[in-house]
Amino acid sequence: MTGDVTQLSETRVFGGRLLRLRHESATLGCAMTFALFLPPQVDAAAGATVPALYWLSGLTCTDENFCQKAGAFRLAAELGLAIVAPDTSPRGEGVPGDPDGAWDFGLGAGFYVDATEQPWAAHYRMHDYVTRELPALVERAFPLNDRRSISGHSMGGHGALVCALRHPGFYRSVSAFAPIVNPAAVPWGEKALGRYLGPDRARWAEWDACALIANATERLPILIDQGERDSFLETQLKPQKLVAAAEAVGHPLTLRMQPGYDHSYFFIASFIDDHLRHHAAALLG
Ligand SMILES: N[C@@H](CCC(=O)N[C@@H](CSC=O)C(=O)NCC(=O)O)C(=O)O
């Protein structure tokens, strides 16, 4: 127990420690589990603190998918980066899910927005959770400093882009794997935003990277990797739309199309080191 956080497990990995933690989230109105990787540097010297990369996972994930499949901890340990990996939605008794039990909405599919419509608004406030409550909690209870970066995959890639674009100065760097860049105009996003935010599409733009980038007050460079054999590429992801929106306003963006790669964590594991180095350059430089 650390303050208001309960430790579920601790696992040594590459000289660091992977903690699984649980707390009562006031923002989400339910108990939330998240993962925190602490690199060996925090135990090497009294009072040492490290910066953190926030990782936002995609549809159907929990805090565990990234930890078990991304292969990020060897280099994070070497670089001295903490990693914070939250769940992808509120959960538990009283938290409504998709009425039809679908996997692309509701439980495991919070889309990192703050819902305004009932019955979702009481719990589905994942944006507020990952940008305010969770950083405040981990920076208070663990040896993390206030240097933060953010990345994510698919729905979580959308979340990472939106968090960075909506909070200038809060993150030192941003990246994404196969992000949903224009949720207001693709089926996954239309379903989620229509339910969480209601039918007024003008309000969806506040949660859409292609729209937000036009008026961004901070031109934080964006790194995106995208598999060319991703089965969701043409229907849900469409990264070229963000490239066009970025070019229109001179926002620095690097899109790397990766031949042969799909949407899976094998793809993420193949390029996670590049993203860790991208973030380390901003966090440790
Ligand atoms: N269950 C679905 C596939 C769902 C899926 O592909 N989820 C991805 C994220 S997709 C966008 O947000 C994911 O990360 N899955 C977890 C994993 O460990 O791979 C189906 O049956 O098609």
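The sections below set out a description of the structure shown in this document.

Conventions we followed
Residues numbered from 1 in each chain as written. Predicted model: local features only at pLDDT ≥ 70, side-chain atom pairs only at ≥ 80, totals over all residues. Heavy atoms only, no water. Helix = DSSP H or I, 4+ residues; strand = E, 2+ residues; numbered from the N terminus. Contact = heavy atoms within 4.5 Å. Areas by Shrake-Rupley, 256 points an atom, 1.4 Å probe, with all protein chains shown as cover. Lys, Arg positive; Asp, Glu negative; His and termini not counted. Charge placed at Lys NZ, Arg CZ, Asp CG, Glu CD. Near = heavy atom within 4 Å. Polar contact = N/O pair within 3.5 Å; in protein donor to acceptor, adjacent residues only side chain to side chain. Nonpolar A, V, L, I, M, F, W, Y, C, P; charged D, E, K, R; others polar. Core = buried A, V, L, I, M, F, W, Y, C linked by side-chain atoms within 4.5 Å. Buried < 20%, exposed > 50% of the residue type's maximum accessible area, 1.4 Å probe, protein only.

1. Some remarks on the overall build of the chain
Within the chain one finds eleven helices and nine strands. In terms of overall dimensions, the chain has a C-alpha envelope of 50 × 40 × 35 Å along the principal axes. Pairs at least 24 residues apart make up 72% of the contacts formed inside the chain by residues separated by at least 6 positions. Accessible surface, the chain as shown: approximately 11,000 Å² in total, 51% of it carbon and sulfur. Of the side chains in the chain, 24 bear a positive and 31 a negative charge, and the two mean positions are spaced by 2 Å.

2. Considerations on the site of the ligand
Residues in close proximity to the ligand total 13 residues, the closest being L59, N65, K69, S154 and M155. At 2.8 Å, a side-chain N or O of N65 approaches an oxygen atom of the ligand. Protein chains shield 70% of the accessible area of the ligand, which is 550 Å² for the free molecule. Split into classes, the residues belonging to the shell around the ligand amount to six nonpolar, six polar and one charged.

3. A closer look at the environment of P39
By the element assignment, P39 lies in the loop between β3 (30-38) and α1 (41-44). Expressed as a C-alpha distance, the spacing of P39 and R12, which sit 27 residues apart in the sequence, is 9.9 Å. When neighbours within four sequence positions are excluded, P39 is seen to be in contact with G16, V50, A76, A77, G80, L81 and A82.

4. Quick notes on the nonpolar core
Core analysis: the biggest nonpolar cluster contains 98 residues, and F34, L36, I83, L144 and Y196 have the highest contact counts within it. Per element, the largest residue contribution to this core is eight residues, and it comes from helix α11 (residues 265-284). Ignoring sequence-local partners within four residues, the contact set of I83 consists of A35, L36, F37, L53, W55, F66, A72, F73, A76 and L276.

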